[in-house]
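Single-letter residue listing:
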Amino acid sequence: MEKQPQEVVLIGGGIMSATLSILLKKLNPSIKISVFEKLDKLGFESSEAFNNAGTGHSAFCELNYTPQANDGSIDISKAIDIAKQFEISKEFWSYLVEHNYIPSPENFIRKTPHMSFVWGEKDVNFLRSRHKALTKHPLFSEMEYSEDINTLAQWAPLIMANRKDSKDIAATHMSLGTDVNFGELTRFIFNSLVEKGEIVLKTSHEVKDITRTNQNNWEIRVKDLVSGHKKNVNADFVFIGAGGGAILLLQKSGIPEAKKYGGFPVGGQWLICQNESIIEQHQAKVYGKAKIGAPPMSVPHLDTRVINGKKSLLFGPFATFSTKFLKHGSPVDLFKSVNTNNVGFLLNCAWSNMDLTKYLVQQVMLSKAQKIKSLQDYFPDAKIDDWYEQTAGQRVQVIEKQNSKGVLKFGTEIVTSQDGSIAALLGASPGASTSVSAMINVLKTCFPELMNSTWKDRIKEMIPSFGEDFNNPEVVEKSRARTSTLLKL
């Protein structure tokens with residue numbers, strides 16, 4: 001039988017580490033877990049509300065999850081996979097509500113319709129085909145489609161008011177969509193774990209180095225940023241969930257698997273409206289089509305968000321550039337990540353993705369007035385004085401070496417050592433929305449025997465549909481009925 005992990009170190013105080021902490025504690029109650037976060041607060045990097053999209057990514061509205069082939073067919077496989085993962089996330093969050101790890105679900109998740117909105121004959125045909133393909137699956141059977149102006153105006157009055165050209169426009173609508181504040185969720189989970197005495201959590205503590213010991217476990221060098229004191233902590237399992245900073249820490253570990261990864265930072269900026277007369281006219285998340293060359297996190301969307309109890313409208317994100325790997329990172333992060341192992345395939349990737357480079361340059365050069373013009377595609381009456389700019393989060397686009405070439409990886413990547421003693425999460429969207437499935441995949445990879453035996457039934461207690469088939473309408477209906485009740489959706 002595989003040995004149960006006894007001492008674990010998790011690096012990063014975001015939603016991934018919070019999720020893995022509670023999973024491990026429930027699977028092995030005797031486990032000792034230490035979490036180190038560089039900032040003086042939790043969930044304020046990639047998990048923070050203004051730093052991420054806040055959409056419960058379930059593929060209801062994200063058009064980049066359903067690519068169209070040259071023959072016109074729509075590939076819905078990724079959309080189905082992401083939708084399944086989000087249902088699993090909701091089941092796990094429902095378990096946390098039931099067991100008092102989350103006191104008030106309405107403080108982090110709210111029912112908010114998800115819409116896809118397009119214009120022009122080509123994109124309308126695409127959306128119509130997408131709807132036809134998706135609604136054959138029980139996860140999407142409730143999705144509505146319309147090209148009728150009056151129906152669209154009912155779904156989203158703001159985007160239809162005074163629209164000059166109402167020909168060749170279409171939208172899909174899913175009332176099951178959600179708005180999620182992952183920063184609040186992160187803090188709920190960590191605060192409960194600390195109050196119950198189930199983990200040791202240290203903020204303002206930066207991990208400076210990770211080295212393998214002669215005993216074949218790991219020594220983590222940690223610096224207290226307040227006192228300046230340094231200490232070593234040993235662990236037989238390490239998880240690096242430090243957002244964009246994970247790639248630098250992974251490289252410090254020295255595992256061979258780290259040598260085939262590099263990264264390129266992409267930042268973001270929102271346009272934000274807090275004019276209540278405008279905000280009250282919009283209650284939806286409306287996603288459009290990304291421009292050619294745009295990374296997935298730059299898909300334009302006009303979002304209803306509730307952050308810190310205040311309702312706002314967000315539009316964007318517009319891409320920005322910084323050499324930092326984290327919003328609160330260092331300007332030398334990018335340069336520190338480049339080494340003899342990855343410089344060749346990183347340059348190859350840059351040369352092969354000139355569309356992305358061109359897109360980033362164009363985005364960085366945009367004035368506020370030009371951003372408002374982009375917004376007017378979604379909200380024709382938008383006025384520049386009603387919106388202000390705010391920096392969003394920083395993401396690192398993962399680049400993997402494949403046959404000596406650098407390949408951009410869109411999505412979330414899990415990198416583990418061969419012995420499963422260390423794992424890191426790289427990448428971005430859908431990220432936080434699929435955090436539960438991502439962390440279960442970490443456990444499956446690092447502790448395969450336990451996940452196939454002792455831990456399997458315990459996972460099932462937390463996630464009732466674990467191992468069941470979401471292609472089955474009854475499974476979908478049963479799961480959603482339970483989670484909608486417990487999460488007050």
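Refer to the structure presented above.
Remember, it's a predicted structure, so these values are computed and weren't measured experimentally.

Asks: Would you explain the overall build of the chain in this entry?
Replies: Scanning the chain from terminus to terminus reveals 16 helices and 20 strands. Expressed as lengths along the three principal axes of its C-alpha atoms, the size of the chain is roughly 70 × 50 × 45 Å. Across the 489 residues in the chain, those meeting the buried criterion constitute 56%. Long-range contacts, defined as pairs at least 24 residues apart, comprise 73% of the intrachain contacts of the chain with a sequence gap of at least 6. With an accessible surface of roughly 20,500 Å², the chain has 48% of that area assigned to carbon and sulfur atoms. Averaging the coordinates of the 57 positive side-chain charges in the chain and doing the same for the 52 negative ones gives two points 4 Å apart.

Asks: Can you help me understand the packing of helix α1 (residues 15–27) against helix α15 (residues 454–462) in this one?
Replies: In a packed pair of helices, the relevant descriptors are the angle between the two axes and the axis-to-axis distance. Interhelical geometry of α1 versus α15 gives an angle of 125° and a closest axis separation of 10 Å. What the angle tells us is that α1 and α15 run oblique. Seen from above, α1 lies across α15 with right-handed handedness. Taking contact as the criterion, the partners of L23, L24, K26 and L27 in α1 are, on α15, W455, R458, I459 and M462. A class-by-class count of the residues in the contact of α1 with α15 yields 6 nonpolar, no polar and 2 charged.

Asks: How should the sheet that holds strand β2 (residues 32–36) be read in this particular structure?
Replies: Strand pairs in the sheet, formed through backbone hydrogen bonds, run parallel or antiparallel to each other. Judged by pairing direction, the sheet is mixed, and its 6 strands sit side by side in the order β8-β2-β1-β12-β20-β19 without closing on themselves. This sheet does not close on itself; its edge strands, each paired only once, are β8 (200–202) and β19 (412–416). The average angle at which neighbouring strand axes cross in this sheet is 15°, direction not considered. Both β19 and strand β20 (residues 422–427) contribute to a ladder of 5 bridges, which runs antiparallel. Paired with V415 across the two strands is A424, which belongs to β20. Its contacts with the sheet put α1 on β1 (7–11), β2, β12 (237–240) and β20, and the angle it makes with β1 is roughly 165°.

Asks: In this structure, what is going on with the sheet that holds strand β18 (residues 405–409)? I would like to understand it.
Replies: The strand order across the open sheet formed by 9 strands is β5-β6-β4-β14-β15-β16-β13-β17-β18, and the pairing between neighbours is mixed. The open sheet has two free edges, formed respectively by β5 (144–146) and β18, since each of these has just one partner strand. Taken pair by pair, the neighbouring strands of this sheet meet at an average axis angle of 30°, ignoring direction. Two strands pair when backbone bridges link them, and strand β13 (residues 261–273) and strand β16 (residues 310–320) are joined in this way by 6 bridges, in the antiparallel orientation. If you follow G268 over to β16, its bridge partner there is A319. Lying over the sheet, helix α11 (residues 354–364) contacts β13, β16 and β18, oriented at roughly 125° with respect to β16.

Asks: What am I meant to see in helix α6 (residues 182–195) here?
Replies: Along an α-helix, residues three or four apart share an orientation, since each turn contains 3.6 residues. Helix length check: α6, at 14 residues, gives a terminal C-alpha distance of 20 Å against a target of 20 Å (1.5 Å per residue), a fit within 8%. Most of α6 sits inside the fold, with 10 of its 14 residues counted as buried. Buried within α6 we find F182, G183, L185, T186, R187, F188, I189, F190, S192 and L193. Where α6 is buried, its residues contact α1, β2, α2 (77–98), β7 (178–180) and β8. The backbone nitrogen of G183 has a side-chain oxygen 3.1 Å away, supplied by the residue at the start of α6, namely N181. Just past α6, the residue G197 takes up positive phi, approximately 70°.

Asks: How should the pairing of β18 be read in this particular structure?
Replies: Working note: regular strand, side chains alternate between the two faces of the sheet. Here β18 shows one buried face, formed by G406 and L408, and one open face, formed by K405, V407 and K409. In terms of strand pairing, strand β17 (residues 387–402) meets β18 through 5 bridges, oriented antiparallel. The residue of β18 that forms the bridge with I399 is L408.

Asks: Explain the packing of aromatic side chains here, please?
Replies: In this description, an aromatic ring pair is defined by two values, namely the gap between the centres and the angle between the planes. Counted according to the given criterion, the structure contains 14 aromatic pairs. Aromatic side chains W119 and Y378 sit 5.5 Å apart centroid to centroid with 80° between the ring planes, which places their arrangement in the edge-to-face category. Here W119, found in strand β4 (residues 114–119), pairs with Y378, found in the loop between α12 (368–375) and β17; they are 259 residues apart in sequence, far enough to count as distant. Joined through ring pairs, the aromatic side chains of F117, W119, F315, F318 and Y378 make up one cluster.

Cut-offs used in this document
- Residues numbered from 1 in each chain as written.
- Predicted model: local features only at pLDDT ≥ 70, side-chain atom pairs only at ≥ 80, totals over all residues.
- Heavy atoms only, no water.
- Helix = DSSP H or I, 4+ residues; strand = E, 2+ residues; numbered from the N terminus.
- Buried < 20%, exposed > 50% of the residue type's maximum accessible area, 1.4 Å probe, protein only.
- Contact = heavy atoms within 4.5 Å.
- Areas by Shrake-Rupley, 256 points an atom, 1.4 Å probe, with all protein chains shown as cover.
- Lys, Arg positive; Asp, Glu negative; His and termini not counted.
- Charge placed at Lys NZ, Arg CZ, Asp CG, Glu CD.
- Axes fitted to C-alpha atoms, helices over the stretch in contact; angles between N-to-C directions.
- Parallel < 35°, antiparallel > 145°, perpendicular 65-115°, else oblique.
- Left-handed = near helix turned anticlockwise from the far one by under 90°.
- Nonpolar A, V, L, I, M, F, W, Y, C, P; charged D, E, K, R; others polar.
- Pairing = 2+ DSSP bridges.
- Expected span 1.5 Å × (residues − 1).
- Polar contact = N/O pair within 3.5 Å; in protein donor to acceptor, adjacent residues only side chain to side chain.
- Phe/Tyr/Trp six-rings, centres within 6.5 Å; stacked < 30°, edge-to-face > 60°.

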